[in-house]
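Summary of the model geometry
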Amino acid sequence: MSVAAPPSPPGQSYPTSPTARSAWRSSRMIVLLGGLVVLIAVLGVLLGPAPAPARYLDPDDTSLSGSKALAELLRDRGVTVDRVDSVEAAAAKAATGNRLLLVTDTTYVDELALARIPGDRVIVGGVLGLEALAPGVRTEPEQARTRSREPECALPAATAAGSAYLGGLSLRGPSGATACYPAGDGHTLVSFPYASGVITVIGDGGFMTNQRLAEDGNAALALNLIGTGKPVTWLVRPATPPPLDLPGERGKSMYDLMPGNIRWAVYMAIIAVIVTAFWRGRRLGPVVTEKLPVIVRASETVEGRGRLYRARRARERAADALRAGTIDRLTPRLGLASGAGRHEIVAALAARTGQDAQQVGAALYGPPPADDAELVGLAGYLDFMERQISEL
């Protein structure tokens, strides 16, 4: 036989929401599974191998900004492609025979030593030391927007390729140079002969990347300029900068000079902030209900507000409240969206009730009542329209 719990004493507060213990019992399995999933995800991120950074115009990089696809196309055509990241390596390759030097980055390179390497030379983008690598080539102050351009020149490599995705530097070549792909007052491709071969300068190398190679005539232009049959020495930025170019004592970087336990100090600071936020944060207990000392009926509240409006002669405010409430209640009943305009509401209401549209518009959006009698009449008319709509 079950015994009913004794009733709560009058006026005493009692909890109506679940307690912390019951909530934990009902949801602990979900919380534990969620925590396990989060822990596995965090461990996978921390312990997994870091993704290799993208290397712009690198023949070994398969990212969108790399040039692995172009290097493979050249090799398929029988062109030897050798990737180098220093002047010494480029000079050693040049000593083996007549080669084409493709320069995509000169950040850690002695451009004067690089300029002494003989043979054809293709320079891509605004590399450092352009004056030494391409004597006589000048750049315009404003760069050209990268987009599809027509060659408009007699250079066979460009005319055979057609339109290409070029921009970047706007170039002016020396006397006797062939300029292609015009951009503003200059061109985005300039080619001219020099003592040891031919120098070609391209304003931007975006057309050679894996992302853009298949568009327009980009692949054809790159193959025509680079795939001349000569072996290619492809100069890129070194993955590890030379020690003498690094900041810090004895060529060490800023991260090398940091103490080894700095990472754990950062982790401890994060944990301390979380614990402090949990400690000082506001804790909300279970929701409780309280018996009010006085029960106020809704009708008394409405009457009291009406008396306040009357005492202050706030007829305009009272009319606005009546009209707004009527519009909010009638709009969904008329099948209109919540943001419907006044003309839609008036037209729909007049069509449903048979009332004159001007009269309906004046009731909902007209001027404020001049006296209490007009306010009472407006309230009665609004109530009449609501009852008509509810009875349809």
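The following paragraphs examine the structure supplied in this document. Everything numeric here is computed off the predicted structure, so don't read it as measured data. (Residues numbered from 1 in each chain as written. Predicted model: local features only at pLDDT ≥ 70, side-chain atom pairs only at ≥ 80, totals over all residues. Heavy atoms only, no water.)

Points about the overall build of the protein
Spelled out, the test is: Here a strand is any run of E in DSSP of at least two residues, a helix any run of H or I of at least four, and the numbering for each starts at the N terminus. Only heavy atoms matter for contacts: two residues are in contact if any of them lie within 4.5 Å across the pair. Using the Shrake-Rupley algorithm and a 1.4 Å probe, accessible areas are obtained, with residue cover drawn only from the displayed protein chains.
Counting its secondary structure elements, the protein contains 14 helices and 13 strands. Considering only contacts in the protein between residues 6 or more positions apart, those separated by 24 or more positions represent 59%. About 25100 Å² of surface is accessible on the protein, with carbon and sulfur atoms providing 58% of the total.

Examining the nonpolar core
Inclusion rule: What we call a nonpolar core is a set of buried Ala, Val, Leu, Ile, Met, Phe, Trp, Tyr and Cys residues that are connected through their side-chain atoms within 4.5 Å. Three exposure classes are used, based on accessible area relative to the maximum for each residue type with a 1.4 Å probe and protein chains only: buried under 20%, partly exposed in between, and exposed over 50%.
Among the nonpolar cores identified, the biggest contains 33 residues, and Leu 70, Leu 102, Tyr 181, Met 208, Leu 221, Ile 226 and Trp 234 are the most heavily contacted of them. Those elements giving two or more residues to this core turn out to be helix H2 (68-76), strand S3 (100-103), strand S4 (120-124), helix H6 (156-161), strand S7 (164-168), strand S9 (178-183), helix H7 (218-226) and strand S12 (232-235). Among the elements that make up this core, the one with the highest residue count is H7 (5 residues). Beyond its immediate stretch of four places on either side in the chain, Leu 102 contacts Val 122, Val 124, Met 208, Ile 226, Val 232, Thr 233, Trp 234 and Leu 235. Counting 23 residues, the second-largest nonpolar core is a separate cluster that includes Ile 123, Phe 192, Val 201 and Leu 235.

Concerning a nonpolar patch on the surface
Inclusion rule: A patch consists of residues whose relative accessible area exceeds 30% and which take part in no salt bridge; residues with like charges are grouped when within 9 Å of each other, and nonpolar side chains (Val, Leu, Ile, Met, Phe, Trp, Tyr) when within 5 Å. Note on definitions: salt bridges are taken to be side-chain nitrogens of Lys or Arg within 4 Å of carboxyl oxygens of Asp or Glu.
Together, Met 258, Ile 262, Trp 264, Val 266, Tyr 267, Ile 270 and Ile 274 give the surface a local cluster of nonpolar side chains, amounting to about 690 Å² of exposed area. Mapped onto the elements of the fold, Ile 274 is located in helix H9 (residues 262-280). Given the relative accessible area of 54%, Ile 274 is considered exposed.

Re the pattern of salt bridges
It is possible for side chains bearing opposite charge to pair when their charged atoms get close. Per the counting criterion, the structure on display carries 16 salt bridges. Residues Glu 300 and Arg 297 are paired through a salt bridge, measuring 2.7 Å at the closest nitrogen-oxygen approach. Exposure remark for Glu 300: the relative accessible area of 36% places this residue in the partly exposed category. Salt bridges sharing common partners tie together Arg 55, Asp 58, Asp 60 and Arg 83.

Quick notes on helix H3 (residues 87-94)
Side chains three or four residues apart in an α-helix point the same way, a direct result of the helix having 3.6 residues per turn. Operational definition: This arc is built from the directions going out from the helix axis to the C-beta atoms.
If you check which residues of H3 are buried, you get Val 87, Ala 90 and Ala 94. What you see down the axis of H3 is that its buried residues fit within an arc of 65°, all on one side. Against the buried residues of H3 lie strand S2 (81-84), S3, helix H4 (111-115) and S12.

Considerations on the state of the cysteines
Here is the idea: a disulfide is a covalent bond, and it sits between the sulfur atoms of two cysteines. Note the threshold: When the sulfur atoms of two cysteines come within 2.5 Å, that pair is taken as a disulfide.
Counted under the stated rule, the structure contains 1 disulfide. Two residues share a disulfide in this structure: Cys 153 and Cys 180, whose sulfurs sit 1.9 Å from each other. On the S-S bond that ties Cys 153 to Cys 180, the torsion sits near 90°, and the link is right-handed. Here Cys 153, found in the loop between strand S6 (144-149) and H6, pairs with Cys 180, found in strand S9; they are 27 residues apart in sequence, far enough to count as distant. Here Cys 153 matches Cys 180 in class, with each residue buried.

Points about the packing of helix H12 (residues 342-353) against helix H13 (residues 357-365)
As a reminder of what qualifies: Each axis is a line fitted through C-alpha atoms, and for a helix only the stretch in contact is used; angles between axes span 0 to 180 degrees, taken between their N-to-C directions. Roughly parallel means an angle under 35 degrees; roughly antiparallel, over 145; roughly perpendicular, 65 to 115; everything else is oblique. Crossing handedness: left-handed means the near helix sits turned counterclockwise from the far one by under a right angle, and right-handed means the same turn made clockwise. Three residue categories are used. Nonpolar comprises Ala, Val, Leu, Ile, Met, Phe, Trp, Tyr, Cys and Pro, charged comprises Asp, Glu, Lys and Arg, and polar comprises the others, including Gly.
One way to put it is that H12 packs onto H13 with a least axis distance of 9 Å and a crossing angle of 130°. Of the possible angle classes, the one that applies to H12 and H13 is oblique. By crossing handedness, the relation of H12 to H13 is classed as right-handed. Between H12, through Arg 342, Ile 345, Val 346, Leu 349 and Ala 350, and H13, the contact on the second element is made entirely by Ala 357, Val 360, Gly 361, Leu 364 and Tyr 365. Here the residues of the contact of H12 with H13 sort into 8 nonpolar, 1 polar and 1 charged.

Points about helix H10 (residues 298-311)
Let me state the cut-off plainly: To estimate the expected span of a helix, count its residues, drop one, and scale the result by 1.5 Å.
For H10, built from 14 residues, the straight-helix expectation of 20 Å at 1.5 Å per residue is met to within 8% by its first-to-last C-alpha distance of 20 Å. When you tally the buried positions in H10, you get 0 out of 14 residues, a small fraction of the element. Backbone geometry just after H10 places Arg 313 at a positive phi near 55°.

Observations concerning the packing of aromatic side chains
Applied cut-off: Stacked, edge-to-face and tilted are the three classes for Phe, Tyr and Trp ring pairs, Trp counted by its six-membered ring, which pair at centre distances within 6.5 Å; planes under 30 degrees apart are stacked, over 60 edge-to-face, the rest tilted.
For the structure on display, the rule yields 2 aromatic pairs. Judged by centre distance (5.6 Å) and plane angle (80°), the rings of Trp 264 and Tyr 267 are edge-to-face. With a gap of 3 residues between them, Trp 264 and Tyr 267 both fall in helix H9, about one helical turn apart. Residue classification places Trp 264 among the exposed positions, given a relative accessible area of 57%. Judged by relative accessible area, Tyr 267 falls into the partly exposed class, the value being 37%. A centroid spacing of 6.4 Å and a plane angle of 35° characterise the contact between Tyr 381 and Phe 384, whose relative ring orientation is tilted.

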